[in-house]
Amino acid sequence: MSEVASVLFGREDIRRRVEELGRSITGDYEGREPVLISVLKGGSMFLADLMRSIALPLEVEFMAISRYGNATESLGRVRILMDMRGDIVGRHVIVVEDIVDTGLTLSYLITTLRARGPESIAICTLLDRSVRRIAPIDVRYVGFDCPDRFVVGYGLDHRERYRNLADILAVPDVAALERDPGALTPLLAG
Ligand code: PRP
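Predicted, not measured: the structure shown is a model, and the values here were computed from it.

S.K.: Lay out the sheet that holds strand β8 (residues 150–152) in plain terms, naming residues and giving numbers.
M.R.: In space, the 3 strands of this open sheet follow the order β1-β9-β8, with antiparallel pairing throughout. The sheet is open, and its two edges are formed by β1 (6–9) and β8, each paired on a single side. Taken over all neighbouring pairs, the strand axes of this sheet differ in orientation by 45° on average, direction set aside. Note: β8 against strand β9 (residues 168–171), 3 bridges, orientation antiparallel. By the bridge assignment, Phe-150 is partnered in β9 with Val-171.

S.K.: Which residues make up the side chain of Thr-105, and what are the values?
M.R.: Locating Thr-105 in the fold gives a position in helix α3 (residues 104–114). Other than its neighbours up to four places away in sequence, Thr-105 contacts Ile-65, Arg-67 and Glu-97.

S.K.: An account of the pairing of strand β3 (residues 59–66) is requested, with residue identities and associated values reported.
M.R.: As paired strands, strand β2 (residues 35–40) and β3 are joined by 6 bridges and run parallel to one another. Bridge pairing in β3 links Leu-40 to Ala-64.

S.K.: Can you lay out the site of the ligand for me, pointing to particular residues and giving the numbers?
M.R.: Taken together, 15 residues are adjacent to the ligand, and Glu-97, Asp-98, Thr-102, Gly-103 and Thr-105 come closest. One of the backbone N or O atoms of Asp-101 is found 2.8 Å from an oxygen atom in the ligand. Burial of the ligand by the surrounding chains reaches 82%, relative to a free accessible area of 500 Å². With 4 residues, the top contributor of residues to the shell around the ligand is strand β5 (residues 92–100). Residues belonging to the shell around the ligand are distributed by class as follows: 4 nonpolar, 4 polar and 7 charged.

Scoring rules and cut-offs
- Residues numbered from 1 in each chain as written.
- Predicted model: local features only at pLDDT ≥ 70, side-chain atom pairs only at ≥ 80, totals over all residues.
- Heavy atoms only, no water.
- Pairing = 2+ DSSP bridges.
- Helix = DSSP H or I, 4+ residues; strand = E, 2+ residues; numbered from the N terminus.
- Axes fitted to C-alpha atoms, helices over the stretch in contact; angles between N-to-C directions.
- Contact = heavy atoms within 4.5 Å.
- Near = heavy atom within 4 Å.
- Polar contact = N/O pair within 3.5 Å; in protein donor to acceptor, adjacent residues only side chain to side chain.
- Areas by Shrake-Rupley, 256 points an atom, 1.4 Å probe, with all protein chains shown as cover.
- Nonpolar A, V, L, I, M, F, W, Y, C, P; charged D, E, K, R; others polar.

Structural data, given as structure tokens:
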């Protein structure tokens, strides 16, 4: 393993946990046909695995959102870059995220989605870095509690790179990765 990063959540642990979440959702939504909304880009890999673990008819939608400046500045300044195609009136919506930090992104998104008349909205995130929370939000499904560390892999990026790592790595020295952005490239193959 590189000195720049270490495995925080390995691929097998992720696989098992995603299957557990899928089983929970299957039980909770029995007899219903939920709409899973993935927030690009980070949530896409989690969505791909999660949806295969849900034994229910379901639909999938995608949204892209931009944030400006740092987390605090972005309060109220979130913008929809790409909206979903379908409508969610009367539907049971599950928003699928890779990570929740401040909660500002989801706080905005949930308010926006609620105005569209769904029957219910729940949040499912693989990682919950709740120590960074600013906006209180109700996260119903959490894969793992995430320590206050920079993480990459399984959808999470560093400057758009490393989303395709199979494991989730913690990067204790982000400055080292900034100096050598390709430092984790050897890990992509394994
Ligand atoms: C991440 C993540 C959430 C958001 C959470 O997305 O996917 O959408 O940050 O942060 P918050 O709780 O502080 O609002 P990011 O902006 O990194 O974009 P990406 O998914 O395209 O990498």
